[in-house]
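Now for the letters of each chain:
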Amino acid sequence: MIVLYNLVKIFFCVGLFAFGGGTAMLPLIYQGASVFGMNRADFSDMVALSQITPGPIAVNAATYIGLQYAGITGAIIATLAVCLPCFLIMLIVIRLIDKFKGSRIVEGAFVGIRPVTIGLILTAAIFVAGGVLVKGPVVSVQLADIDYYNWIPLGICGGSVVMMSLLKVKPIYVMLIMAAAGAVIYGAIL
């Protein structure tokens, strides 16, 4: 029962306080998942699975973590808990949007929220990179050490950026291509 309570508390807060979309929510999700003992490697796996499955990352993460720590009931409870705040807030916002349209205070709040969103996304990227692209924290004194880097994941990450930003390949194709590349490369090495 305590696990279900913690799932509701954690994912309700994620849904309530995580602005900027799914990736920006990752630090808050990890903080909550660490209550259950989830480590960086498991969290990175969860992020990868959440990215390659359809649906919002927060919903996928809530479902995954709920299932891992409390079975089907936990998955359902965590998923509902992460969705409920957004549903309630949108009901209120829709009712009030016309009333405050053009308000300098509301516009000012959005001016403040937008850069925070970028910061949250960058924080999530740095956090996940620490378990995937390098052996340790991203900000480290070991940056000059060639063994500090995970070269194959770095190449896959760089290739993904090039494919999506320069070549305009659709993200789903990039994920499939890079999953196949990882399987082939690691299959040949191991």
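Before reading further, recall that the structure is shown in the block above.
One structure accompanies this document, and this report is about it. Because the structure is a prediction, the values reported are computed rather than measured. (Residues numbered from 1 in each chain as written. Predicted model: local features only at pLDDT ≥ 70, side-chain atom pairs only at ≥ 80, totals over all residues. Heavy atoms only, no water.)

### Describing the nonpolar core
In step 1: Membership of the largest hydrophobic core comes to 27 residues, with the highest contact counts inside it found for F11, V14, L26, I29, F43 and I65.
In step 2: Listing elements by their share of this core, those giving two or more residues are α1 (2-17), α2 (22-33), α3 (40-52), α4 (57-100) and α5 (104-132).
In step 3: Considering every element that reaches this core, the biggest residue donor is α4, with eight residues.
In step 4: Here V14 is in contact with M25, L28, I29 and V82, once residues within four sequence places are set aside. (Core = buried A, V, L, I, M, F, W, Y, C linked by side-chain atoms within 4.5 Å. Buried < 20%, exposed > 50% of the residue type's maximum accessible area, 1.4 Å probe, protein only. Helix = DSSP H or I, 4+ residues; strand = E, 2+ residues; numbered from the N terminus. Contact = heavy atoms within 4.5 Å.)

### Digging into the side chain of S160
In step 1: Inspection of the secondary structure assignment puts S160 in helix α6 (residues 151-166).
In step 2: Its relative accessible area of 13% is what places S160 among the buried residues.
In step 3: Those residues in contact with S160, other than ones at most four positions away along the chain, are V174 and M178.

### So, the packing of aromatic side chains
In step 1: This structure, assessed with the given rule, holds four aromatic pairs.
In step 2: Between Y30 and F43 the ring centres are 4.9 Å apart and the planes differ by 70°, which places this aromatic pair in the edge-to-face class. Linking Y30 in helix α2 with F43 in helix α3, this pair joins segments that are 13 residues apart in sequence.
In step 3: A relative accessible area of 18% means that Y30 is categorised as buried.
In step 4: Under the relative-accessibility criterion, F43 is labelled buried at 0%.
In step 5: Note on Y149 and W151: the rings are 5.2 Å apart at their centroids and 45° apart in plane angle, and the pair reads as tilted.
In step 6: Assessed through its relative accessible area of 51%, W151 is described here as exposed.
In step 7: Three or more aromatic residues joined by ring pairs form one cluster here, namely Y148, Y149 and W151. (Phe/Tyr/Trp six-rings, centres within 6.5 Å; stacked < 30°, edge-to-face > 60°.)

Note that all results are geometric; they support no functional claim without further evidence.
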